[in-house]
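Spelled out from the first residue to the last, the chains are:
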Amino acid sequence: MKIGVADTTFSNINMADFAIGILKKNSKAEIERYTVPGIKDLPVACKILFGKYRCDIVIALGMAGPMPIDKQCSHEASLGMQAVQLMASKHIIEVFVHIDEAKNNKELYDIAKNRSEKHAMNALALLKGKTELSRFAGHGRRQGKNDIGPIKAR
Amino acid sequence: MKIGVADTTFSNINMADFAIGILKKNSKAEIERYTVPGIKDLPVACKILFGKYRCDIVIALGMAGPMPIDKQCSHEASLGMQAVQLMASKHIIEVFVHIDEAKNNKELYDIAKNRSEKHAMNALALLKGKTELSRFAGHGRRQGKNDIGPIKAR
Amino acid sequence: MKIGVADTTFSNINMADFAIGILKKNSKAEIERYTVPGIKDLPVACKILFGKYRCDIVIALGMAGPMPIDKQCSHEASLGMQAVQLMASKHIIEVFVHIDEAKNNKELYDIAKNRSEKHAMNALALLKGKTELSRFAGHGRRQGKNDIGPIKAR
Amino acid sequence: MKIGVADTTFSNINMADFAIGILKKNSKAEIERYTVPGIKDLPVACKILFGKYRCDIVIALGMAGPMPIDKQCSHEASLGMQAVQLMASKHIIEVFVHIDEAKNNKELYDIAKNRSEKHAMNALALLKGKTELSRFAGHGRRQGKNDIGPIKAR
Amino acid sequence: MKIGVADTTFSNINMADFAIGILKKNSKAEIERYTVPGIKDLPVACKILFGKYRCDIVIALGMAGPMPIDKQCSHEASLGMQAVQLMASKHIIEVFVHIDEAKNNKELYDIAKNRSEKHAMNALALLKGKTELSRFAGHGRRQGKNDIGPIKAR
């Protein structure tokens, strides 16, 4: 089993380290790291991780700025990663943090850590099979903050 | 006949259960479940349901948050599912609920249930053939709320 | 010659009937109907009309709601139909009516009828060849309302 | 050498005539015309001009209305033409005029003429080779209005 | 090793010269230049640089205007370049400057120079391998302005 971890130099938090920590603690999967300048460079990195490096899943971690143009960039990156997933028929777990999600650096750090770690667990679950997460279906799970939990049937 | 049902752990309502209930009641189709973290993970899950699991149609159920970034995510998910449909030449019935559609949890639950169930019926109709729904063409049908009905010819 | 006509149950006006009326009056083309729930289901229906049903052109008729999310849906549908056209190297004439184009049901009905009928004529023209419409180039033609006509050279 | 010229009946200015005038005056290239209803019909027309008609480059001329939905349409058309270029590995010179660029019909006409003619020259330049325009790199050239010229090094 | 440098005549700053200066100073890579009218012409130029000219990476430099329609154009260009990267499984380093990033021509010039030069260095790093930039992961690097640096762990 091989897991790709793609990240950026743009981010001001080393999100890949959080994800890799979880992966190492919870699996014996081999890890392939790929670091690019920014989020728009991630899709082709993911494609190379699937192709040349034969990864079974990729975790793509990045940060997006607070301006409208930054939302546009994250949209382009996300669409690129949609395409890569469909080309490879394999999952990319996108772990993006938007700077305007947080009020200050401490909160940004907490969001980035929580999201990276929980999504590393999600990646491991998806590798186990398509119904591994079904027991949590509709549970209102969140990454980067607390789960909201399911709405109870009336 | 094989029907894929893809859903998420992000949703706080188990929409897949609503759809599966209808499918079981109204058909003998085999059902393949696939649960992913969020809506952006649905497109590749649908592709795998068509490919590896040989589904004839997929119902993709998910929930989108109320913020602008959530609309962006749902847009990316929807575009990914457009691509998957064209790759497979098969329908994906997208059943998305946006949290800002409802004033409270009760209404959200009702929308999710109604939309999931009606679209499960739509999936069964599409499997019967391309004119199965033609008698309802222009009828102003809605999923998640009541039909608005056709405008009468002047 | 075979013309596909794809439409929806979401629309509250039977636009396909308008288009088919014109096609039957002005050609001997065979018509293949395909009815889907909503506009986002149209692209793959068009692809199937080109592939399995060997249509030479498709007229895709649908209605979009008045909310921002409805614009997003129509955008996704339109991008899907762009992709289908490029896959098939054949035209899809998109006949979309947006509910917020009209002040009331009567106006909506008139727009839908006018647009469906004029675009059915456009489909027949495109089937005749790539310069069939060249005599109308720059004429400010409109579907759904009156032509605005050409700006005269100064 | 063969140049495709695709245009629309929606435009209220015959932009193709401006482009063809320049092409005939400045080259001996063969010209293939293709007229479609609106800008969203241009991408597949361009694909057919590259494929069936073996054009080496295409000039695609169209007009977009002033409403938000018209921007959406032009965006869909432009994305379609991006895809066609990548499929063909050949340039499409997009010559779009937006009605809200001009204060009146006279200005609209001037913009359309200037942009069509300058871009016809650009098409001829690109056919000569990839560095034909390099002497103008960073020159602040504009089509539809006057060039702004380069910023001088400090 | 071959590096493509694609640029535009629309830009009013010769950004390619900045990038080429850095590439020549820091590598012995062969350089292929390709100049097009505007940013929307860049994606197919990049595809040709990868295909016909066998470049290993491309630096695509362009400027976008300050209006909403200019953001739309840059979005189309960026999506086109996402597609080209995935077709080639090679990086395109996008170096776009938006005119509204700067208060005046001097600042615009400084941003364009800084961004072009730093991204030329990024291109050289990516050519060395997928972990060449990993020591800078999470460092808050910026192109066009000063790095913001990493957030320290709490």
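Counting from 1, residues in each chain are numbered in the order their sequence is written. Naming scheme: in the order in which they are written, chains are lettered from A and ligands are numbered from 1. Local features in this predicted model are restricted to residues whose pLDDT is 70 or higher, and side-chain atom pairs enter the listing and the counts only when it is 80 or higher, whereas totals over whole chains, interfaces and linings include all residues. Side-chain metrics in this entry use all non-hydrogen atoms of the structure; hydrogen atoms and water are not considered.

Engineer: Can you help me understand the interface of chain A and chain E in this one?
Structural biologist: The accessible area lost on association of the parts is a frequent measure of interface size. What makes two residues a contact is simply this: any of their non-hydrogen atoms within 4.5 Å. Chain A puts 38 residues into the contact, and the matching count from chain E is 36 residues. We define buried area as the total accessible area lost by two parts upon association, computed with a 1.4 Å probe and summed across both. Summing both partners gives a buried area of about 3000 Å² for chain A against chain E, and 60% of it is carried by carbon and sulfur. Per-residue buried area on chain A facing chain E is highest for Thr9, Asn12 and Val44 of chain A; these three make up 20% of the total on that side. Should a side-chain nitrogen of Lys or Arg be within 4 Å of a carboxyl oxygen of Asp or Glu, the pair is scored as a salt bridge. Counting across the interface, chain A meets chain E through two salt bridges. For lysine 130 of chain E, the salt bridge is made with glutamate 32 of chain A, and the minimal N-O distance between the two is 2.8 Å. Listing elements by their share of the side of chain A that touches chain E, those giving two or more residues are strand E1 (2-8), strand E2 (30-36), helix H2 (42-50), helix H3 (68-88) and helix H4 (105-128) of chain A. Strands are runs of DSSP state E lasting at least 2 residues, helices are runs of H or I lasting at least 4, and numbering of each runs from the N terminus.

Engineer: What should I look at first to understand the state of the cysteines in this one?
Structural biologist: Disulfides are covalent bonds that link the sulfur atoms of two cysteine residues. All names here are of chain A. Disulfide assignment relies on a single distance test, namely cysteine sulfur atoms paired within 2.5 Å. Considering all chains together, one arrives at zero disulfides over all chains under this definition. Cysteine cysteine 55 is unpaired, with the sulfur of cysteine 46 as its nearest cysteine sulfur at 9.3 Å. Under the relative-accessibility criterion, cysteine 55 is labelled buried at 0%. Burial classification: accessible surface area is computed with a 1.4 Å probe over protein chains only, and a residue below 20% of its type maximum counts as buried, one above 50% as exposed, and the rest as partly exposed.

Engineer: Which parts of the structure should I look at to understand the pattern of salt bridges?
Structural biologist: A pair can form between side chains of opposite charge whenever their charged atoms are brought close. According to the stated counting rule, one finds 65 salt bridges over all chains in the structure shown. A salt bridge links arginine 33 of chain E to aspartate 17 of chain E, with the nearest nitrogen and oxygen atoms 3.9 Å apart. Highlighted residues: arginine 33 of chain E in strand E2 (residues 30-36) and aspartate 17 of chain E in helix H1 (residues 15-26), separated in sequence by 16 residues. By relative accessible area, arginine 33 of chain E is classed as buried at 15%. Beyond isolated ion pairs, a larger network of salt bridges with shared partners links Lys2 and Glu32 of chain A together with Lys130 of chain E.

Engineer: Please explain the interface of chain D and chain E as it appears in this structure.
Structural biologist: Taken together, the contact pairs 36 residues of chain D with 38 residues of chain E. Approximately 3000 Å² of surface area, both sides summed, lies buried where chain D meets chain E, with 60% of it carried by carbon and sulfur atoms. The tally of links from chain D across to chain E stands at two salt bridges. Residue lysine 40 of chain E is joined to glutamate 94 of chain D by a salt bridge in which the shortest nitrogen-to-oxygen separation is 2.7 Å.

Engineer: What's the story with the sheet that holds strand E3 (residues 57-64) of chain D in this structure? I'm lost.
Structural biologist: Sheets are built from strands paired through backbone hydrogen bonds, the pairs being either parallel or antiparallel. Residues and elements named next belong to chain D. Here four strands make up an open sheet; going across it, the order is E2-E1-E3-E4 and the pairing parallel. What marks the edges here is a single partner per strand, and that holds for strand E2 (30-36) and strand E4 (92-98). Each strand axis lies, on average, 15° off the axis of its neighbour in the sheet, ignoring direction. Whether two strands pair depends on DSSP finding at least two bridges between them. Relative to E4, E3 runs parallel, the two sharing seven bridges. In this analysis, axes come from line fits to C-alpha atoms, helices being fitted only over the stretch in contact, and the angle between any two N-to-C directions falls in the range 0 to 180 degrees.

Engineer: Would you explain the confidence of the model for chain A in this entry?
Structural biologist: Detailed reading of the predicted coordinates is not advisable wherever pLDDT falls low. Values of pLDDT, which run from 0 to 100, indicate the predictor's confidence residue by residue. Here chain A shows a mean pLDDT of 97. Residues at 70 or above account for 99%. Predicted complex, confidence summary: ipTM 0.97, pTM 0.98.

Engineer: Just to check I follow, could you spell out the sheet that holds strand E3 (residues 57-64) of chain B for this structure?
Structural biologist: Residue and element names in this part refer to chain B. Reading across from one edge, E2-E1-E3-E4 is the order of the four strands in this open sheet, with parallel pairing throughout. The outermost strands of the open sheet, each flanked by one partner alone, are strand E2 (30-36) and strand E4 (92-98). Shown here is a sheet whose adjacent strand axes are inclined to one another by a mean of 15°, direction ignored. Running at roughly 175° to E4, helix H3 (residues 68-88) makes contact with E3 and E4 of the sheet.

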